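Fold and contact review
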Amino acid sequence: MDDTRTSRDEDFSPGCSSADQKRSEAEPSCVSMKSDQSMEFPIMFKSDETSHEILNRFRSNLLKKFGRLYEGTVTQGKPTLLNEIYTELYITESESGEISNEHEVRQIETQSRRTATEDTAIKCNHIFRPLPGQDKAIRTVLTKGVAGIGKTVSVQKFILDWAEGKENQDVQLIFPLPFREINRMKNKKLSLSDLLHVFFPETKEMEISSDEYKVLFIFDGLDECRLSLDFQSKVKLCNISESASVDVLLMNLIEGNLLPSALIWITSRPAAADLIPSECVHRVTEVRGFNEPQKEEYFRKRISDQSLADRIISHLKSSRSLYIMCHIPVFCWISAAVLEKMLSPAETGEIPKTLTQMYTRFLILQTNIKHEKDYEKKLTDEDMILKLGKLAFEQLVKGNLIFYEEDLRECGIDVTEASVYSGLCSQIFREELGLYQGKVFCFVHLSIQEHLAALYVHLSCTNHNRNVFDQSWWSTIRDWLLFMFKHVSLSELHQRAVDEALQSKNGHLDLFLRFLLGLSVESHQILLQQIMTLNRSSSDSNEKTVEFIKEKIRTIDSPEKSINLFHCLNELGDRSLLEEIQRYLKSGTIKKAKLSSSQWSAVVFVLLTSEEELNEFRLDKFVKGKDEHENMKVLQKLLPVIKESRSVQ
């Protein structure tokens, strides 16, 4: 949901929506003369046109851009009014801008254990208001949140409420400047006034130089920024008419050299949040997506058949890993699309219980939708998936979620055919016209990019005898020789992928690894044969991979890394270690057993992924006596669980 975009339908008339009609007659309209006259606008205007007409036009244009929402993607040109479907997301104040070096799915898993009482909740429209007891003014807010969690929708709702005259009316102007759009100005030199004229033509009629009024700049998607934000730069700008590179303009605006009274709101995925120095940020908030009641509320709104909605909720609750992912609104949308079909009386097949099963079913579902439509250009499913998969993998390695025409060309995708790709796979990969100018391309969600990247790596190995982790000129020659004389070993590819994921400092390949290993399971390969030619791999490869992963669990020191490896074993269908530990835990004999390092890792995984809340952790369940040295060793093994517990005995 985070990456959804608004309509640019020129027929949208603010004040005509059903949502507007539901408002009380006593509620002021944002475009009424009365509401505008109640505000003082110390802004200089250059034209003879009245200030109210210019400001009304400015707000009206924002209403057109932000009044509508596509869930997941553009669906047949029929967007939904945001006010009709918006559900308040759970936003909290963070103590600091501390960055987690874990994959975002792992962060979601960790957050799912925290209760609402541990956090300070903040309404989206109140992010610039000090909390009770806080007396410092808040100029710059940094809002973190994993991909698809609802950051952009929160921004959209904030702007819409302002444009409709409902909230934050002490702000005279709001300038939404998404980084995906600002990237296009990367090599240009211009002033802040010029930049605003490009994105907001109405500002040509204004003289925005006074420091006496309040404006808000919203920079959405810091993680998509391709500018070099060097806050050590000594170039200082104090005049909005002074020209400089766009990155210098932004840095001076954020630092407060330009328009020091302006409010700044920056949103970012957690991994990129530290691009902004902490001294420049007055408040850090976090979008946490759907809480437990909102998950169920979503499915009951989304699925009209309430008995089917109950079955979907019940199935998702039966798989802890799937239900935790439902904190992410986009994953709820994917799950609803798949399970609504899979649980219908006419459908047969195994109901997805793992992430790989869910995403593979989603890919097949979207490909089947494509077959129901008629397209001029004939692209085979396999060609399309391989090209999109190559783009997904190469950009995943670089850490990019947003792509431009040159990125597509590098992966063999003809830019003139991009709209065809978008149509063929409209709910997986899409082309956007941006809010203001130019084209950008993206996958609907990071997890879809990771799944396609894994599928590309798997197919490159099984169908084309290529190990894509080796990109040197020698590896190209070697791949050709292997293609001619010998098959590339899938187990060797898996082992290389495991090593690459373990070496990643921010865990950006963790979910990709889960998908890659899951795709090698026979049931997934049978599924994929519905949409492509697939050379099946032998079960021997998976057995070697399982043993390799178990050996890694025995030897690595990082509990976080071992947790992801247990998820990988789940995807491969191996639960031997976990079942052994669960027997110990159920019988109460675990403190009598002499556990190996891998078994202790399994204990941590079982406790962290159980449905039971960790209200109180009792160490005496895991230690035999009062040997302080032995007890300390156990304590260190169980530290990840202790961190998530609310109290420790």
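A brief structural summary. Values in this document were obtained by computation on a predicted structure and should not be read as measured data.

**So, the overall build of the chain**
- Regarding its fold elements, the chain presents 28 helices and 18 strands.
- Of all 649 residues assigned to the chain, the portion counted as buried reaches 57%.
- Considering only contacts within the chain whose residues lie at least 6 apart along the sequence, 75% involve residues at least 24 apart.
- Carbon and sulfur atoms form 49% of the exposed surface of the chain, whose accessible area is close to 28600 Å².

**Points about the pairing of strand β4 (residues 91–94)**
- Across 4 bridges, the pairing between β4 and strand β13 (residues 283–287) is antiparallel. Among the inter-strand pairings, T92 is bridged to a residue of β13, identified as E286.
- For β4 and strand β5 (residues 120–121), the ladder comprises 2 bridges, and the chain directions are antiparallel. Bridge pairing links E93 to T120 in β5.

**Comments concerning the pattern of salt bridges**
- Following the criterion strictly, the structure yields 18 salt bridges and no others.
- With a closest N to O distance of 3.0 Å, R283 and E93 form a salt bridge. Of the two residues, R283 sits in strand β13 while E93 sits in strand β4, which places them 190 residues apart along the sequence.
- When its relative accessible area of 2% is taken as the criterion, R283 is described as buried.
- Residues joined by salt bridges that share partners form a network here, namely E296, R300, D310 and K317.

**Observations concerning the packing of helix α10 (residues 292–302) against helix α11 (residues 306–318)**
- At a minimum axis distance of 9 Å, the contact between α10 and α11 shows a crossing angle of 145°. Between α10 and α11 lies a crossing of right-handed hand. In this structure, α10 uses E296, F299 and R300 to contact α11, whose residues at the interface are Q306, A309, D310, I312, I313, L316 and K317.
- A breakdown of the residues in the contact of α10 with α11 according to their chemical character gives 5 nonpolar, 1 polar and 4 charged.

**So, the environment of G67**
- With respect to the element layout, G67 can be found in the loop between α3 (51–66) and β2 (68–69).
- The spatial distance from the C-alpha of G67 to the C-alpha of K157 is 8.3 Å, given a sequence separation of 90 residues.

**A word on unusual backbone geometry**
- Even without glycine at this site, N168 takes up a positive phi of about 50°.
- Take N168: it is sitting in the loop between α6 (151–163) and β7 (173–176).
- Notably, L259 is not glycine yet its phi reads approximately 45°, a positive angle.
- Counting through the fold element by element, L259 comes out in the loop between α9 (246–255) and β12 (263–268).

**As for the pairing of β13**
- Counting buried residues along β13, 5 of its 5 residues qualify, which places the element largely inside the surrounding structure.
- Across 4 bridges, strand β6 (residues 140–144) lies against β13 in parallel orientation. The residue of β13 that forms the bridge with K144 is E286.

**A few points about the environment of K236**
- Along the chain, the position of K236 falls in the loop between β10 (215–219) and β11 (244–245).
- Apart from residues no more than four positions distant in its own chain, K236 is found in contact with N252 and N257.

**Some thoughts on the sheet that holds β12**
- Read across the sheet, 7 strands follow the order β5-β4-β13-β6-β12-β10-β7 without closing on themselves; strand pairing throughout is mixed. Edge positions in the sheet fall to β5 and β7, since each has one partner strand and no second.
- Bridging between β6 and β12 involves 5 bridges; their strand directions are parallel. Each bridged residue has a counterpart across the sheet, and for T140 the counterpart in β12 is I264.

**Concerning α3**
- Look at α3: 23 Å from first C-alpha to last across 16 residues, which is about the 22 Å you get at 1.5 Å a residue.
- For α3, every residue scored as buried is listed here: H52, I54, L55, N56, F58, R59, S60, L62, L63, K65 and F66.

**A short note on the packing of helix α21 (residues 510–518) against helix α24 (residues 559–571)**
- Closest axis-to-axis distance for the α21/α24 pair is 8 Å, and the angle between their directions is 20°. In terms of axis orientation, α21 runs roughly parallel to α24. For the element pair α21 and α24, the recorded crossing hand is right-handed. Across from D510, L513, R514, L517 and G518 in α21, the residues of α24 making contact are N564, L565, H567, C568 and E571.
- Partitioned by chemical class, the residues of the contact of α21 with α24 number 4 nonpolar, 3 polar and 3 charged.

**Quick word on the packing of aromatic side chains**
- Here the structure, examined in full by the defined rule, presents 19 aromatic pairs.
- Note on F217 and F219: the rings are 6.3 Å apart at their centroids and 10° apart in plane angle, and the pair reads as stacked.
- Each residue in the set F58, W162, F175, F179, F200, F217 and F219 is aromatic and connected to the rest through ring pairs, giving one cluster.
- Here the basic side chain of R59 rests over the ring of W162, its NZ or CZ set 4.1 Å away from the ring centre.
- In this structure, K295 is placed above the aromatic ring of Y323, and the distance from its NZ or CZ to the ring centre is 4.2 Å.

What counts, and where the lines are drawn
- Residues numbered from 1 in each chain as written.
- Predicted model: local features only at pLDDT ≥ 70, side-chain atom pairs only at ≥ 80, totals over all residues.
- Heavy atoms only, no water.
- Helix = DSSP H or I, 4+ residues; strand = E, 2+ residues; numbered from the N terminus.
- Buried < 20%, exposed > 50% of the residue type's maximum accessible area, 1.4 Å probe, protein only.
- Contact = heavy atoms within 4.5 Å.
- Areas by Shrake-Rupley, 256 points an atom, 1.4 Å probe, with all protein chains shown as cover.
- Pairing = 2+ DSSP bridges.
- Salt bridge = Lys/Arg side-chain N within 4 Å of Asp/Glu carboxyl O.
- Axes fitted to C-alpha atoms, helices over the stretch in contact; angles between N-to-C directions.
- Left-handed = near helix turned anticlockwise from the far one by under 90°.
- Nonpolar A, V, L, I, M, F, W, Y, C, P; charged D, E, K, R; others polar.
- Expected span 1.5 Å × (residues − 1).
- Parallel < 35°, antiparallel > 145°, perpendicular 65-115°, else oblique.
- Phe/Tyr/Trp six-rings, centres within 6.5 Å; stacked < 30°, edge-to-face > 60°.
- Lys NZ or Arg CZ within 6 Å of the ring centre and 35° of its normal.

Nothing here speaks to function; it is geometry throughout.
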